[in-house]
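Listed below are the residues making up each chain.
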Amino acid sequence: MSYSRCTKEMQSVLFSSLWNWYRMEGVDDKDHFRDLELIRERFTMNRNRGKNGNSGDGDGAMKPSPVCTIKDHTNDVTSVDFAGRSLLATGSSDKSVRVYKWQVGDAFIEVSYSPLLGHTYGINCVCFSPFGTKLASASTDGSTILWDVKTGDQLCSLHPASDAAVRVCAFSPNSALLATGGDDDMAGIWDVSTLSLLRRMCGDESTVTSVSFTPDSCYLATGSSGGEVRVWDARYGHSVPLAMKAEAHDLGVSSLHFSPAVGKEEGSGIGKQYLLASGGQDTELHLWVVEIGSQILGGDNSPTISLHHSLHGHSAPIMCVKFSSNGLILASASGDKTVRLWDPLKLTALGVLEGHKRYVTSCAFSDDGALVAAGSGDRVVHLWRVDGATSSVNPLPGNTSSTRKLLVKFPSQRFRENIKLIEWSCEDVCGWLVEQGLAEYSHNFRSHAIDGRELLTVTDEILEQKLGVDALGHRNKVLRLIRNSTQDSQAKKTAPDAPPTEYLCPITQELINDPVLCADGFTYERVAMEAWLASGKRTSPMDQ
């Protein structure tokens, strides 16, 4: 019996069982038809994910095969990155960094100075500078080494104040800054030209697992093992984040990456929006809108991080997310041994890349968007052609003028993630339940007319006794949604007319009019700092 025929028969049996269950419960036909359609949609998506991500019939679709496979590492491949299309760097737990040069026919040949050996423990991250002249490698040995891409020489080794493992590193798009983060619960920003540490930023007691600069190099996003996403000003020495999203991922943030498409400017011409992708240990792939509003005082202009949409498909933790250089494709690598390609504008799946035998730790696009590489715990690096990995039903996004216009304006579809929980309809609530694998409760929620406003009043006791949610884990999912919504609402109500704390002088706690950046990495009011020094003090005010 063929796979497709077997799957269809299993679906038929499942739908028949669900139908009988609903009839025994005495549900109105229209209601359970709605739920079955939602379940059918989810089932169809799951069935098609085994066929290169096609959303159509495509029973005979061929799965894309790697055009090149690299097997030089002797331990897990933890990171991959491209410089243009000509160079590929790979980092591994075997303590080595390897560099390969592209050859005609999509072959990659190791360059003469590879491997690069300088770390005493495994490599956690590798990244090329935007111009491809430098290569950074972050290691568990607590160092970040900069290498000369042309010669393979070690330019320097950057060490933060602690000896804790460095988990991630990333260059700013203008190549002026390098961000690092690791087990010391801190993120650091380094000046690439002077190799000096400009500032360190502390969130909470959790490892910094990911860093990413906005396309204009003005801001830095950090993700942590505690599940938070924070956005910092990369240009000035602020000690607090501009914005934070608590519990962005339940079990920790694994990876962050800003789309190269900056987003739209507000009507005033001052505010900006950025599109940020995040992957987590909870198997979720989220797209966030990071909005940096006007700095004009008066009104709610504080930077915000709001959920734009969630993409579902992976069945294991997402370990890496990367946009293509034009922002038209998003790749996600996962512990389910696959790399998935998405259209971040239409919010649809484009294809599934298979071939790895263990968890996929990293992925990266060549600058021309033609190739995607992935490293895995199977010690192998696979490379695929992007045009061969996308389905005929969901073709590769073209770089047309209409597509380019979309890059500066986010879609305006009415997704649940784009509206407040209090404004959800009953159908929005039931749809969310189905997506979370809680479809069996949708009938009870609908029969009790639980919309967003009513959901906010639901307690653990009501869930168990009135709505029939017996499993503790299922009740926690619903309560977590309510808690997150309540926290977001309270945060927006807090001092809307007050200036953000990063605009206040740490000495006077008043709005900075004449800023001066000092050696400790913080910005002060010039007069206040001059008075501080004139009083004979020679230590940073932040140390007091």
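Owing to the predicted nature of the structure, the values given are computational and were not obtained by experimental measurement.

Enquirer: I'd like to hear about the overall build of the protein chain, residue by residue, with values.
Expert: The helix and strand tally for the protein chain stands at ten helices and 31 strands. Long-range contacts, defined as pairs at least 24 residues apart, comprise 49% of the intrachain contacts of the protein chain with a sequence gap of at least 6. Of the accessible surface of the protein chain, which amounts to about 24,400 Å², a share of 52% is contributed by carbon and sulfur atoms.

Enquirer: So what's going on with the environment of Met 186? Which residues, and what values?
Expert: Along the polypeptide, Met 186 turns up in strand S13 (residues 186-191). A relative accessible area of 19% places Met 186 in the buried class. Placed 21 residues apart in sequence, Met 186 and Thr 207 show a C-alpha to C-alpha distance of 7.5 Å. Apart from residues no more than four positions distant in its own chain, Met 186 is found in contact with Thr 180, Gly 181, Arg 200, Met 201, Cys 202 and Val 208.

Enquirer: A description of helix H10 (residues 526-534) should follow, citing residues and the corresponding values.
Expert: For H10, every residue scored as buried is listed here: Ala 528, Met 529 and Trp 532. With its buried residues spanning 95° around the axis, H10 presents them on a single face. Opposite the packed face of H10, turned more than 90 degrees from it, sit the exposed residues Val 527 and Ala 534. Where H10 is buried, its residues meet strand S30 (515-517) and strand S31 (523-525).

Enquirer: An account of the pairing of strand S8 (residues 134-139) is needed here, citing residue identities and associated values.
Expert: Most of S8 sits inside the fold, with five of its six residues counted as buried. With five bridges connecting them, strand S7 (residues 123-128) and S8 associate as antiparallel partners. Along S8, the bridge assignment pairs Phe 128 with Leu 135. Between S7 and S8, which pair antiparallel one after the other, the connecting turn spans five residues, and Gly 132 there sits at a positive phi close to 75°.

Enquirer: I'd like a description of the nonpolar core, backed by residues and values.
Expert: Ranked by internal contacts, the top residues of the largest apolar core, which has 19 residues, are Leu 433, Phe 445, Leu 455, Leu 463 and Val 478. For this core, the secondary-structure elements that each account for two or more residues are helix H5 (426-435) and helix H9 (472-493). Tallying contributions element by element places H5 first for this core, with five residues. Once you skip the residues sitting within four places of it in the chain, Val 478 turns out to touch Trp 432, Leu 433, Leu 438, Leu 455 and Leu 463.

Enquirer: Run through unusual backbone geometry, naming residues and quoting values.
Expert: Cis geometry is adopted by the peptide bond preceding Pro 115, which originates at Ser 114 and carries an omega value of 5°. Tracing the backbone shows Pro 115 in the loop between strand S5 (107-110) and strand S6 (116-117). Here Asp 185, not a glycine, exhibits a phi torsion of approximately 65°, which is positive. In this structure, Asp 185 sits in the loop between strand S12 (177-182) and S13. Backbone geometry at Leu 195 places phi at a positive 60°, although glycine is not the residue there. Within the element layout of this structure, Leu 195 appears in the loop between S13 and strand S14 (196-202). Judged by its relative accessible area of 34%, Leu 195 falls in the partly exposed class.

Enquirer: I'd love a proper account of the packing of aromatic side chains, names of residues and values included.
Expert: Summed over all chains, the structure comprises three aromatic pairs. When the ring of Phe 82 is compared with that of Phe 108, the centres are 6.2 Å apart and the planes differ by 65°; the resulting orientation is edge-to-face. Of the two residues, Phe 82 sits in strand S2 (residues 77-83) while Phe 108 sits in strand S5, which places them 26 residues apart along the sequence. Note on Phe 82: relative accessible area 5%, which makes it buried. On the accessibility criterion, Phe 108 (8% relative accessible area) is buried. Pairing Phe 258 with Tyr 274 gives two aromatic rings, centres 6.0 Å apart and planes at 75°, and the pair type is edge-to-face. In this pair, Phe 258 sits in strand S19 (residues 253-258) while Tyr 274 sits in strand S20 (residues 272-280), placing the two residues 16 residues apart along the sequence. For Tyr 274, a relative accessible area of 1% gives the class buried.

Parameters at a glance
Residues numbered from 1 in each chain as written. Predicted model: local features only at pLDDT ≥ 70, side-chain atom pairs only at ≥ 80, totals over all residues. Heavy atoms only, no water. Helix = DSSP H or I, 4+ residues; strand = E, 2+ residues; numbered from the N terminus. Contact = heavy atoms within 4.5 Å. Areas by Shrake-Rupley, 256 points an atom, 1.4 Å probe, with all protein chains shown as cover. Buried < 20%, exposed > 50% of the residue type's maximum accessible area, 1.4 Å probe, protein only. Arc of directions from axis to C-beta. Pairing = 2+ DSSP bridges. Core = buried A, V, L, I, M, F, W, Y, C linked by side-chain atoms within 4.5 Å. Phe/Tyr/Trp six-rings, centres within 6.5 Å; stacked < 30°, edge-to-face > 60°.

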